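Structural characterization, general
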Amino acid sequence: MQRYKRNTGFILLFWAFYFLYEWLGNAAVGSEYKRYAINAAVIVPITFGATWFTVHVLIERFFLKGKRTTFWILFGVSAVVFTLMRRAFNYYYTYPLYYPEGQQTMSFLFPPKLIIEAVNTYLIVALYAMFYFLRAWYEQQRTTQQLQKDKAEAQLELLKSQVQPHFIFNTLNNIYSYAQQNNQQTSELIYRLSALLSYMLYDSRETAISLSKELEYINNYIELEKIRYGKRLDVSLNVFDPVDHFKIAPLLLLPLIENSFKHGVSNNIRDGWIRMDIALKDGWLSVKIENSCDEHSNGNGSSKNGIGLENVKKRLDILYQDNYEFKCIRENDSFLTILKIKKDENSTVHDH
């Protein structure tokens, strides 16, 4: 309905301008307003008919659908008809009143005059067609961009929803294990999990949040895992620069740190370690996460069901496009993930 209204508005505006041109544009030369008002009242409808038939019937129904032969036959016939209609008005109305010698010096089918009538008519047809299809192209481009945006947003929501159940499942397993052992730290696990769920339910709905809030979320996750691993795990989280005003997509860093636990530390026979460094320089956020891993393991993120790094890469492609760097480095006994994100100078952080 909205598109129909826009097309109707364009059509009315175009033909209103053309009517004024045929009337006032010609009448202003000799101040013959009545003559050219009548002229416009006849010529404009004829031109409108030629335009409508050519664009909305011949082009849309035949030419654009590949029926080129039928298009050219009908176009040729219609061009002759509309040209003769315009010629008839000028020859039998305009000539007797304003140019009587015209009928004496040239016939109705005088070729030069027929060519002039055809050119005057189909120049307007071509002008209308150009504006009409340019508008149609613009509308199609805008619709395509909106569909791409909707698709990207839907994919982001899907990827985000994959993170949350995946993490909650792992944490609930930990709580279940502690509850079976009647471990006093079960209540601490439940408290930490409730804080994480609050973050997932509310803050994660935002397009972006402050990095400090994301790190608070990461710290809760680390504390949950430290309770699980105990003394056999050494974790350090280092923030070297103020990051309160840096905005980041929520739940973007969790898969990286989770990956270090699941595919690195948990496979270690001996004690494990994880180091996470956060730095901000020249508008670029740098996140480095390195963890120990057994030299005989397949490496981080290699689990068949692992969402981790693949999830992060997909979200980065959608959210940051060319404004990020992401790479993983596998050594014999360690795995390093490096993520760099360029700050968006046009955006601000909204904490809730």
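Residues numbered from 1 in each chain as written. Predicted model: local features only at pLDDT ≥ 70, side-chain atom pairs only at ≥ 80, totals over all residues. Heavy atoms only, no water.

1. Section: the nonpolar core
Across soluble globular proteins, nonpolar side chains show a tendency to be buried alongside one another. If you look at the biggest cluster of nonpolar residues, it comprises 47 residues, and the most contacted ones within it are L253 and I257. The dominant element in this core, judged by the number of residues it contributes, is helix α7 (residues 211–229), at nine residues. Once residues lying within four places of it in the same chain are set aside, the contact partners of I257 are I218, Y221, I222, I274, M276 and I289. With 19 residues, the next largest nonpolar core counts F10, L58, F89 and I124 among its residues. (Core = buried A, V, L, I, M, F, W, Y, C linked by side-chain atoms within 4.5 Å. Buried < 20%, exposed > 50% of the residue type's maximum accessible area, 1.4 Å probe, protein only. Helix = DSSP H or I, 4+ residues; strand = E, 2+ residues; numbered from the N terminus. Contact = heavy atoms within 4.5 Å.)

2. A look at a nonpolar patch on the surface
Taken together, I73, V77, V81 and M85 make up a surface patch of nonpolar side chains, about 350 Å² in accessible area. Position of V77 among the secondary structure elements: in helix α3 (residues 68–98). (Patch = residues over 30% accessible without salt bridge, like charges linked within 9 Å, V, L, I, M, F, W, Y side chains within 5 Å. Areas by Shrake-Rupley, 256 points an atom, 1.4 Å probe, with all protein chains shown as cover. Salt bridge = Lys/Arg side-chain N within 4 Å of Asp/Glu carboxyl O.)

3. Examining the pairing of strand β7 (residues 334–342)
Within β7, seven of the nine residues are buried, which leaves the element mostly enclosed by the surrounding structure. In terms of strand pairing, strand β5 (residues 284–292) meets β7 through nine bridges, oriented antiparallel. If you follow I289 over to β7, its bridge partner there is T337. Looking at chain direction, strand β6 (residues 324–330) and β7 are connected through seven bridges and run antiparallel. Opposite Y324, over in β7, you have I341 as the bridge partner. (Pairing = 2+ DSSP bridges.)

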